[in-house]
Amino acid sequence: MTLKSRLEEYQIVPKKSLGQNFLHDPNALEKIVTAAELMPEDAALEIGAGLGQLTERLAAASRRVAAIEIDTRFKPALDRVAAACPNVHIIYQDVLAVDVAALFYPESYVVVANVPYYITTAILRHLLETRHRPRRLVLTIQVEVAERLVAQPDDMSILAVSVQFYGRPQIITRLNRAVFWPRPDVDSAVVRIDTYETPPVDVPDEAAFFRVVKAGFGQKRKQLKNALGSGLGLNAGQTAALLEAAGVDPRRRAETLSLDEWAALARNLAALTAGGN
Ligand code: SAM
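Not measured: the values here are computed from a predicted model. (Residues numbered from 1 in each chain as written. Predicted model: local features only at pLDDT ≥ 70, side-chain atom pairs only at ≥ 80, totals over all residues. Heavy atoms only, no water.)

1. Points about the site of the ligand
And then number 1: Close to the ligand lie 23 residues, the nearest being Q20, L23, G48, E69 and Y118.
And then number 2: For the ligand, a nitrogen atom lies 2.9 Å from a polar atom in the side chain of D94.
And then number 3: Within the contact set of the ligand, a nitrogen atom lies 2.9 Å away from a backbone nitrogen or oxygen of V95.
And then number 4: For the ligand, whose free accessible area comes to 590 Å², the fraction covered by protein is 99%.
And then number 5: Of the pockets mapped on this structure, the ligand occupies the largest pocket. (Near = heavy atom within 4 Å. Polar contact = N/O pair within 3.5 Å; in protein donor to acceptor, adjacent residues only side chain to side chain. Areas by Shrake-Rupley, 256 points an atom, 1.4 Å probe, with all protein chains shown as cover. 1 Å grid on protein atoms, 1.4 Å probe; cavity = no way out; pocket = protein on both sides within 12 Å on 5 of 7 lines; lining within 4 Å. Sits in = over half its atoms within 2 Å of the grid points.)

2. Side note on the sheet that holds strand β5 (residues 109–114)
And then number 1: One open sheet accounts for 7 strands, arranged β4-β3-β2-β5-β6-β9-β7; its pairing is mixed. Looking at which strands have only one partner, the edges of the open sheet turn out to be β4 (88–91) and β7 (167–175). If you compare each strand with its neighbour and ignore which way they point, the axes differ by 20° on average.
And then number 2: Relative to strand β9 (residues 188–195), strand β6 (residues 136–142) is paired through 7 bridges, and the arrangement is antiparallel. For R136, the partnering residue across the bridge sits in β9 and is D194. (Pairing = 2+ DSSP bridges. Helix = DSSP H or I, 4+ residues; strand = E, 2+ residues; numbered from the N terminus. Axes fitted to C-alpha atoms, helices over the stretch in contact; angles between N-to-C directions.)

3. Here we look at the packing of helix α8 (residues 158–166) against helix α9 (residues 206–217)
Packed helices, taken two at a time, are described by the angle between their axes plus the distance between the axes.
And then number 1: It is at 10 Å that the axes of α8 and α9 come closest, and there the two elements cross at 160°. With respect to α9, the axis of α8 lies roughly antiparallel. As for the relative orientation of α8 and α9, their crossing is right-handed in sense. Listed contacts from α9 to I158, V161, S162, F165 and Y166 of α8 are E206, F209, F210, V213, K214 and F217.
And then number 2: Split by residue class, the contact of α8 with α9 holds 8 nonpolar, 1 polar and 2 charged. (Parallel < 35°, antiparallel > 145°, perpendicular 65-115°, else oblique. Left-handed = near helix turned anticlockwise from the far one by under 90°. Contact = heavy atoms within 4.5 Å. Nonpolar A, V, L, I, M, F, W, Y, C, P; charged D, E, K, R; others polar.)

4. Remarks on the side chain of S157
And then number 1: Within the secondary structure layout, S157 lies in the loop between α7 (143–149) and α8.
And then number 2: On the basis of relative accessibility, which here comes to 13%, the residue S157 falls in the buried class.
And then number 3: Excluding its chain neighbours within four sequence positions, the residues that come into contact with S157 are R148 and F217. (Buried < 20%, exposed > 50% of the residue type's maximum accessible area, 1.4 Å probe, protein only.)

5. A closer look at the domain arrangement of the chain
Think of interface size as the accessible area that goes away when the parts come together; that is how it is often given.
And then number 1: Entries for the chain in the domain assignment read domain 1 (3–195) and domain 2 (206–274).
And then number 2: Once you take the C-alpha centre of each, domain 1 and domain 2 turn out to be 35 Å apart.
And then number 3: The interface of domain 1 with domain 2 comprises 11 residues on the first partner and 12 residues on the second.
And then number 4: Surface buried jointly by domain 1 and domain 2 totals about 1000 Å² across both partners, of which 73% is contributed by carbon and sulfur atoms.
And then number 5: It is I158, V161 and F165 that lose the most area in domain 1 upon contact with domain 2, and together they represent 47% of the buried surface on that side. (Domains from an automatic or database assignment. Buried area = accessible area lost by both parts, 1.4 Å probe.)

6. Comments concerning the pattern of salt bridges
Charged atoms that come close allow side chains of opposite charge to pair.
And then number 1: All told, the structure shown has 17 salt bridges when counted by the stated rule.
And then number 2: For K16, the salt bridge identified is with D185, shortest N-O distance 3.6 Å. Of the two residues, K16 sits in the loop between α1 (3–9) and β1 (22–23) while D185 sits in the loop between β8 (180–181) and β9, which places them 169 residues apart along the sequence.
And then number 3: Residue class for D185 comes out exposed when judged on its relative accessible area of 58%.
And then number 4: With a shortest N-O distance of 3.1 Å, D187 and R177 are connected by a salt bridge. With D187 in the loop between β8 and β9 and R177 in the loop between β7 and β8, this pair connects stretches of sequence that are 10 residues apart.
And then number 5: Given the relative accessible area of 27%, R177 is considered partly exposed.
And then number 6: In this structure, a network of salt bridges that share partners links the residues E37, R136, R192 and D194. (Salt bridge = Lys/Arg side-chain N within 4 Å of Asp/Glu carboxyl O.)

7. Notes on the side chain of T120
And then number 1: You can see T120 is positioned in helix α6 (residues 120–128).
And then number 2: Overall, T120 belongs to the buried group, its relative accessible area being 7%.
And then number 3: Separated by 3.0 Å, the side chain of T120 and the backbone oxygen of Y117 make a polar contact.
And then number 4: When near neighbours in sequence (up to four residues on either side) are disregarded, T120 contacts V115, I141 and V145.

In structure tokens:
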């Protein structure tokens, strides 16, 4: 049965506002599950189960699956999946309202999702900033966003710095829009993010690191001496001292900095504040 006829069977007209573009290509679904490298003892979290085509594949590859779906129109279809796969548990809620850490703590878990694109960055933040992070995330997202996640210095954004602080992102494969129904207006990519147990750079505390990063990116295309000064409430002398101590040229812009350089700024800001300057 085709995906289209299954949707018709359940009288579901896809809602664009909920990012409902379904993957109907079995090869693409297989690629996603393979990229997750699930072990039989793993727990998996799926976001946006839809009709459950990915859910049932995850159920076969893991010990248990918690699948979140906001739209209860999928309940009859997902009830069938849960009846056939007793290790599947469906949660009908907005993913952003679910305490994911509490769902899995202290278990290790992997997130696999064909993400509703309208909340991609909110989902990334929700999953990465939680107190019990997933071991790995395999996400199908818009190709342009995938490229932003794996960007390197010169093309960095606050999103790239944030994601790369928590894990190592890589693009696994690109997916043509034709593998979805209804066909979206954009192409997609499958991204895998392996999270770190400890941050990849030496920072005094996470909040300080992100305070500096936010200040740096706070004013588009401004040189760091201006962006950091106003963002952190420092005078010109303090900003110059901070940048010099971190070994960063004050004329550079936020997009050019590496994670190590942001960390050096965060460490020196802590020292500057402690020194009462
Ligand atoms: N997993 C299916 C697939 O691969 O074909 C569906 C993916 S579709 C791109 C995104 C799914 O996320 C839809 O089923 C949609 O209803 C659901 N969704 C949208 N917003 C959501 C939210 N805030 N919380 C949970 N699920 C959401």
